[in-house]
Amino acid sequence: MRILPLLCALFLMMLRGAAGLSLARGSPQDCQRRGGFCSHGSCPLGISRVGICSEQEFCCRSRWYP
């Protein structure tokens, strides 16, 4: 019974993490507002995907952006 609260906490952390993995769909203006830029195909090395600008463009942002 002592393990039950730990399992519940772990389960809730997993749910929150899974929700953050989806890419937000938006416009190039939304991407720029979030401090990113649209890149055709894929993001450059060291830059992470944070959303989708269009069907062929991803919203990319540096990991070190505040």
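Residues numbered from 1 in each chain as written. Predicted model: local features only at pLDDT ≥ 70, side-chain atom pairs only at ≥ 80, totals over all residues. Heavy atoms only, no water.

### Some details on the UniProt feature "domain: Beta-defensin-like" (unreviewed entry) in the chain
Operational definition: UniProt positions are given in the numbering used here, feature names are shortened, and annotations may be inferred rather than shown by experiment. Per the convention used, a helix needs a DSSP run of H or I reaching at least four residues, while a strand needs a run of E reaching at least two, with both numbered from the N terminus.
In this numbering, the UniProt entry assigns the feature "domain: Beta-defensin-like" (unreviewed entry) to residues 28-61. Helix makes up 18% of residues 28-61 and strand makes up 44%, while its end C-alpha atoms are separated by 13 Å.

### Remarks on the packing of aromatic side chains
Short version of the rule: Working definition: rings of Phe, Tyr and Trp (its six-membered ring) pair if their centres are within 6.5 Å, and the pair is stacked with planes under 30 degrees apart, edge-to-face with planes over 60 apart, and tilted otherwise. Look at NZ for Lys and CZ for Arg. If either is within 6 Å of the ring centre and within 35 degrees of the ring normal, a charge sits over the ring.
Taken as a whole, this structure holds zero aromatic pairs when the rule is applied. Positioned above the aromatic ring of Phe58 is the side chain of Arg49, whose terminal nitrogen or guanidinium carbon lies 3.8 Å from the ring centre.

### As for the confidence of the model for the chain
Formally: Summary of the metric used: pLDDT quantifies the predictor's per-residue confidence within the range 0 to 100. We call two residues in contact whenever any of their non-hydrogen atoms come within 4.5 Å of each other.
Looking at the chain as a whole, its pLDDT mean stands at 79, while 70% of the residues score no less than 70. By mean pLDDT, the top-scoring element of the chain is strand 2 (residues 37-40) (94), and the lowest-scoring one is helix 1 (residues 3-19) (65). Taken together, the stretch residues 17-21 has pLDDT below 50 and engages in zero contacts with residues farther than four places along the chain or on a different chain.

### Observations regarding the state of the cysteines
Our working definition: The disulfide criterion used throughout: a pair of cysteine sulfur atoms within 2.5 Å. Whether a residue is buried, partly exposed or exposed follows from its accessible area with a 1.4 Å probe, protein chains only, as a fraction of its type maximum: under 20%, in between, or over 50%, in that order.
Under the criterion given, the structure shown has three disulfides. At a sulfur-sulfur separation of 2.1 Å, the disulfide partner of Cys38 is Cys53. Here the disulfide of Cys38 and Cys53 is left-handed, its torsion about the S-S bond being about -85°. One end of the pair, Cys38, is in strand 2; the other, Cys53, is in the loop between strand 3 (47-52) and strand 4 (57-62), with 15 residues separating them in the sequence. Take Cys38: its relative accessible area is 28%, and that puts it in the partly exposed class. When its relative accessible area of 7% is taken as the criterion, Cys53 is described as buried. Sequence-ordered numbering of the bonded cysteines in the chain gives a disulfide pattern of 1-5, 2-4, 3-6.

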